[in-house]
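Below are the chains, spelled out letter by letter.
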Amino acid sequence: MEKMELYDYYSLDECVDRKLVVGTLKSFKKDGKIDYSLDGEIVNIKDLDMEEEDIAYLEDLFEDNDVFPYLEKDDEDNDDYYGYDEEDDY
């Protein structure tokens, strides 16, 4: 069976029940299962100790509440990087 994994970032922009989603994230954080941060409409989730059923529950919760993976951002994004290396000649 394939191991289930969460994406690192999700968008709450179209979230149906933001209070429920954030409350669930807080509960998982309190239980030491995840760490998360919220930056406007983007939530960054780090899996610390989630079990398969926890991940499945979050995936269902996100799907039911229109919380979508935010694929435009990943951990390698850097606001100071403009698509070129300093060593490039111009």
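Definitions and cut-offs
- Residues numbered from 1 in each chain as written.
- Predicted model: local features only at pLDDT ≥ 70, side-chain atom pairs only at ≥ 80, totals over all residues.
- Heavy atoms only, no water.
- Helix = DSSP H or I, 4+ residues; strand = E, 2+ residues; numbered from the N terminus.
- Buried < 20%, exposed > 50% of the residue type's maximum accessible area, 1.4 Å probe, protein only.
- Polar contact = N/O pair within 3.5 Å; in protein donor to acceptor, adjacent residues only side chain to side chain.
- Phe/Tyr/Trp six-rings, centres within 6.5 Å; stacked < 30°, edge-to-face > 60°.
- Lys NZ or Arg CZ within 6 Å of the ring centre and 35° of its normal.
- Salt bridge = Lys/Arg side-chain N within 4 Å of Asp/Glu carboxyl O.
- Pairing = 2+ DSSP bridges.
- Contact = heavy atoms within 4.5 Å.
- Axes fitted to C-alpha atoms, helices over the stretch in contact; angles between N-to-C directions.

Moving on: the side chain of asparagine 44. Checked against the element boundaries, asparagine 44 lands in strand S3 (residues 42-47). Take asparagine 44: its relative accessible area is 12%, and that puts it in the buried class. A polar atom in the side chain of asparagine 44 sits 3.4 Å from the side chain of tyrosine 9.

On inspection of all chains with the given rule, the structure shows three aromatic pairs. Ring geometry for tyrosine 10 and phenylalanine 62: centres 4.6 Å apart, planes at 55°, overall tilted. Here phenylalanine 62 lies in helix H2 (residues 52-64) and tyrosine 10 lies in strand S1 (residues 9-11), a separation of 52 residues in the sequence. Grouping residues by exposure puts tyrosine 10 and phenylalanine 62 together as buried. Aromatic rings pair up to connect Tyr7, Tyr10 and Phe62 into one cluster. If you follow lysine 29 out to its NZ or CZ, it ends over the ring of tyrosine 36, 5.3 Å from the centre.

Here the structure, examined in full by the defined rule, presents three salt bridges. Linking arginine 18 and glutamate 41 is a salt bridge whose minimum nitrogen-to-oxygen distance equals 3.0 Å. With arginine 18 in helix H1 (residues 18-30) and glutamate 41 in the loop between strand S2 (34-39) and S3, this residue pair connects regions lying 23 residues apart in the sequence. By relative accessible area, which is 31% here, arginine 18 ends up partly exposed. A residue is classified by how much of its surface remains accessible, and glutamate 41, at 34% relative accessible area, is partly exposed. The salt bridge involving aspartate 54 is made with lysine 33; its shortest N-O contact spans 3.1 Å. Placement of the pair is aspartate 54 in helix H2 and lysine 33 in the loop between H1 and S2, with a sequence separation of 21 residues.

Let us now look at the sheet that holds S1. Here four strands make up an open sheet; going across it, the order is S2-S3-S1-S4 and the pairing antiparallel. Each edge of the open sheet is held by one strand with a lone partner, namely S2 and strand S4 (68-69). One ladder, built from two bridges, connects S1 with S4; its direction is antiparallel. Along S4, the bridge assignment pairs serine 11 with phenylalanine 68. Across the sheet, H1 touches S2 and S3, and the angle it forms with S2 is around 140°.

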